[in-house]
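The lines below spell out each chain.
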Amino acid sequence: MVNNGGAVRVRGLDVERGGREVIAGLDVDVPTGQVVGLLGPSGSGKTTLMRAIVGVQDRTRGEVTVLGEPAGSPGLRRRVGYVTQAASVYTDLTVVQNLRYFARLAGLPAAGADAAVARAVDTVDLAGHEKQRVGTLSGGERSRVSLAAALVGDPELLVLDEPTVGLDPVLRRDLWRTFRGLAADGRSLLVSSHVMDEATQCGRLLLLRRGELVADTTPDELLAETGAPDAERAFLALIDRSEAAGTTTGEESR
Amino acid sequence: MTLTLTTAARVLAQIRFDRRTVALIIVLPCLLLGLIAWMFDGTPVLDQFGPMLVGLFPLIVMFLVTSVATLRERQSGTLERLMTTPLGKGDFVAGYALAFAGLALVQALVVVGFALLVGMDVAGPLWLVVVVALLDAVLGSCLGLAASALARSEFQAVQMMPAIIFPQLITCGLLMPRDEMPQVLEWLSRVFPLTYAVEAMQDLAAGAEWPDVAGAVGVIALFIVGAVTLGVATLRRRTA
């Protein structure tokens, strides 16, 4: 298994969606054991890139290698956890019923599943809601169930599409702490957000705009390079710079 | 196999929660059958058509329920998520088929039991009526699974029922004996599964035994396998 040290390696990715190229010639690397933030305005191709990485995006050209295997390989389905932007869990089942199902799908035996479910419930701070139907939970709680459904299988790579949207600041902070903890344990995480201030929580940052990579950097480098006081203004500065440079972007900042 | 059963259990847990749907699935065919029994009280109509209706109602109900359930799975994003897990496409389809077959068994038993209660007198063996009704229901849910792949919205999913079931209803021999139909329509009825379902039930009503209906039952089983295969083939891991 050739891994080249990276969790995800994307080379020359083109994706067509609705008759339009949403990603054109993208090169991206996600290192192992880090929380990598995928940031960019809505419509920049974050979700499409994530779908290409987990292997459910059709009409892709180019090379996407995940944990040493081509994206979408059957062997990866146990090793990669994906959380879609909208909470993709069963609203007519309870929290535990949902998580147990996804635990069994991830290959956990019935006995081990219960312990894993309890751990995942704890991680997303839903203790006390175990027997509640997901449909009766709030939006934020639902998205946490959706996140727990990916955590329950303890995958090597977690691809999380806007997992912190609609959550309160305390919970957001706790979740980012959880993400860093997972990374410290050797898991790799690719987390998208359109809230630029969450950038500072990541070990590494990828800024996407119109399907192109505008920056591949660290939070410190980003602030130092742009001289901006916060992440949001730093990104605006980068985007202004790439606009001024014309259509070719990304090269100088890499 | 484990994942198929796990999925079937999950689908059943979802149905169990939806008590009103369960009640509709079980009670509605009984009500309709009761209406007919009442209307034709004192005539042999129920004995003649009862078995057919016992087979038809479950097929239609299961078609609708399954196609909507799988469409919901597509639209809620859970299917996309499932496609990133080790769950096979066959596990998904078979899981659904198995869960609805379980529900169909309960339905078939209750509906046949109710038909007897309101005076249906079947000349052939009763257990075969239950078996054919069960197969009809499974066929309905498998056709629903395959049809849901063609539907992009709830509106389309609901229309799939008249689009796929009605032509079969019209040519299956219920409206006109098949040998009196125009030749082309008679040929057409030969390639529709409902024809065999109705034929088996008509024969059972007239006193047929297992060897007489074995052929028709075999054809229904083949159509079930075909519909499941189609359901698996139309499921996509990668979508635009």
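Residues numbered from 1 in each chain as written. Chains lettered and ligands numbered in written order. Predicted model: local features only at pLDDT ≥ 70, side-chain atom pairs only at ≥ 80, totals over all residues.

**Comments concerning the overall build of chain A**
To keep it simple, the criterion reads: Helical segments are the DSSP runs of H or I of at least four residues, strand segments are the runs of E of at least two, and each set is numbered from the N terminus. In this setup the radius of gyration rests on C-alpha atoms only. A globule is expected at 2.2 Å times the number of residues raised to 0.38. Any residue whose C-beta has 12 or fewer other C-beta atoms within 10 Å is treated as exposed, any with 20 or more as buried, and any in between as partly exposed, C-beta atoms being built from the backbone. The contact criterion used is a C-beta to C-beta distance within 7 Å, with each C-beta placed from the backbone.
Helices and strands together make up the secondary structure of chain A, namely seven helices and ten strands. Relative to the compact-globule value of 18 Å for 254 residues, chain A shows a C-alpha radius of gyration of 18 Å, a close match. By principal-axis analysis of the C-alpha atoms, chain A measures approximately 55 × 40 × 35 Å. Expressed as a percentage of its 254 residues, the buried residues of chain A come to 50%. A fraction of 68% describes how many contacts in chain A between residues 6 or more apart in sequence connect residues 24 or more apart.

**As for the domain arrangement of chain A**
Residues and elements named next belong to chain A. Basically, it comes down to this: By convention here, the domain bounds are inherited from an automatic or database domain assignment.
Taken domain by domain, chain A consists of domain 1 (1-79 + 157-249) and domain 2 (85-154). Between domain 1 and domain 2, the C-alpha centre-to-centre distance is 25 Å. In this assembly, 13 residues from domain 1 lie in contact with ten residues from domain 2. Looking at which element gives the most residues to the side of domain 1 that touches domain 2, the answer is helix H5 (residues 169-184), with three residues.

**What about the pairing of strand E8 (residues 188-193) of chain A?**
All names here are of chain A. The following threshold applies: Pairs of strands are assigned from DSSP output, requiring at least two bridges between the strands.
Among the six residues in E8, six count as buried, and that is most of the element. Pairing of strand E3 (residues 35-39) with E8 involves five bridges; the strand directions are parallel. The residue bridging Val35 from the neighbouring strand is Leu189, located in E8. Pairing analysis gives four bridges linking strand E7 (residues 157-160) to E8, with the strands arranged parallel.

**Brief notes about unusual backbone geometry**
Residues and elements named next belong to chain A. With phi around 50°, Leu67 is a residue other than glycine that occupies positive phi space. Position of Leu67 among the secondary structure elements: in the loop between strand E4 (60-66) and strand E5 (69-70). The backbone of Glu162 sits at a positive phi, close to 50°, despite the residue not being glycine. Examined against the element boundaries, Glu162 turns out to sit in the loop between E7 and H5. With 22 C-beta atoms packed within 10 Å, Glu162 lands in the buried category.

**Quick look at the sheet that holds E8 of chain A**
All names here are of chain A. For the record, the criterion: All axes are obtained by fitting lines to C-alpha atoms, using only the stretch in contact for helices, and the reported angles, taken between N-to-C directions, cover 0 to 180 degrees.
Strands sit in the order E6-E7-E8-E3-E9-E10 across an open sheet of six strands; the sheet is mixed. Where the open sheet ends on each side, the last strands, each with one partner, are strand E6 (80-83) and strand E10 (212-217). Neighbour-to-neighbour, the strand axes of this sheet turn through a mean angle of 15°, independent of strand direction. Here strand E9 (residues 204-209) runs beside E10; their pairing, made up of five bridges, is antiparallel. Pairing of Leu205 across the sheet is with Thr217, part of E10. Packed onto the sheet, helix H4 (residues 139-151) meets E6 and E7 and runs at close to 170° relative to E6. Lying on the sheet, helix H7 (residues 231-244) is in contact with E9 and E10; it crosses E10 at an angle near 135°.

**Describing the packing of helix H6 (residues 126-148) of chain B against helix H10 (residues 210-234) of chain B**
Residue and element names in this part refer to chain B. Definition in use: Convention used here: angles under 35 degrees read as roughly parallel, angles over 145 as roughly antiparallel, angles from 65 to 115 as roughly perpendicular, and any remaining angle as oblique. With the far helix as reference, a near helix turned anticlockwise by less than a right angle produces a left-handed crossing, and one turned clockwise produces a right-handed crossing. Put simply, Ala, Val, Leu, Ile, Met, Phe, Trp, Tyr, Cys and Pro go in the nonpolar bin, Asp, Glu, Lys and Arg in the charged bin, and everything else, Gly too, in the polar bin.
The interhelical angle for the contact between H6 and H10, taken along N-to-C directions, is 20°, at an axis separation of 8 Å. One finds that H6 runs roughly parallel with respect to H10. Where H6 crosses over H10, the handedness of that crossing is left-handed. Together, Leu128, Val132, Leu135, Val138, Leu139, Cys142, Leu143, Leu145 and Ala146 of H6 and Trp210, Val213, Val217, Ile220, Ala221, Phe223, Ile224, Ala227, Val228, Leu230, Gly231 and Thr234 of H10 make up the contact between the two elements. Counted by class, the contact of H6 with H10 contains 19 nonpolar, two polar and no charged residues.

**A few points about the interface of chain B and chain A**
Listed as interface residues are 21 residues of chain B and, on the opposing side, 25 residues of chain A. Taken together, the elements giving at least two residues each to the side of chain B that touches chain A come down to helix H1 (2-17) and helix H4 (78-82) of chain B. Here the element with the most residues in the side of chain B that touches chain A is H1 of chain B; it accounts for six residues. Looking at the side of chain B that touches chain A, its residues break down into seven nonpolar, eight polar and six charged.

**What to know about H1 of chain B**
Put simply, the rule is: An expected span of 1.5 Å times one less than the residue number is assigned to each helix.
In this model H1 of chain B runs 23 Å from its N-terminal to its C-terminal C-alpha over 16 residues, within 8% of the 22 Å that 1.5 Å per residue would give. Restricting attention to buried positions, one finds in H1 of chain B the residues Leu3, Thr4, Thr6, Thr7, Ala8, Arg10 and Val11 of chain B. In the core, the buried residues of H1 of chain B are packed alongside helix H2 (95-105) of chain A together with helix H5 (89-117) of chain B.

**As for the nonpolar core**
Our working definition: For our purposes the nonpolar core covers buried Ala, Val, Leu, Ile, Met, Phe, Trp, Tyr and Cys residues that link as a set through C-beta atoms within 7 Å.
If you look at the biggest cluster of nonpolar residues, it comprises 156 residues, and the most contacted ones within it are Ile53, Leu99, Ala148 and Val152 of chain A together with Leu139 of chain B. No other element matches the 15 residues that helix H3 (residues 45-75) of chain B contributes to this core. The two domains that each donate at least three residues to this core are domain 1 (1-79 + 157-249) and domain 2 (85-154) of chain A. Setting aside residues no more than four positions away along its own chain, Leu99 of chain A makes contact with Val117, Ala120, Val121, Ala148, Ala149 and Val152 of chain A.

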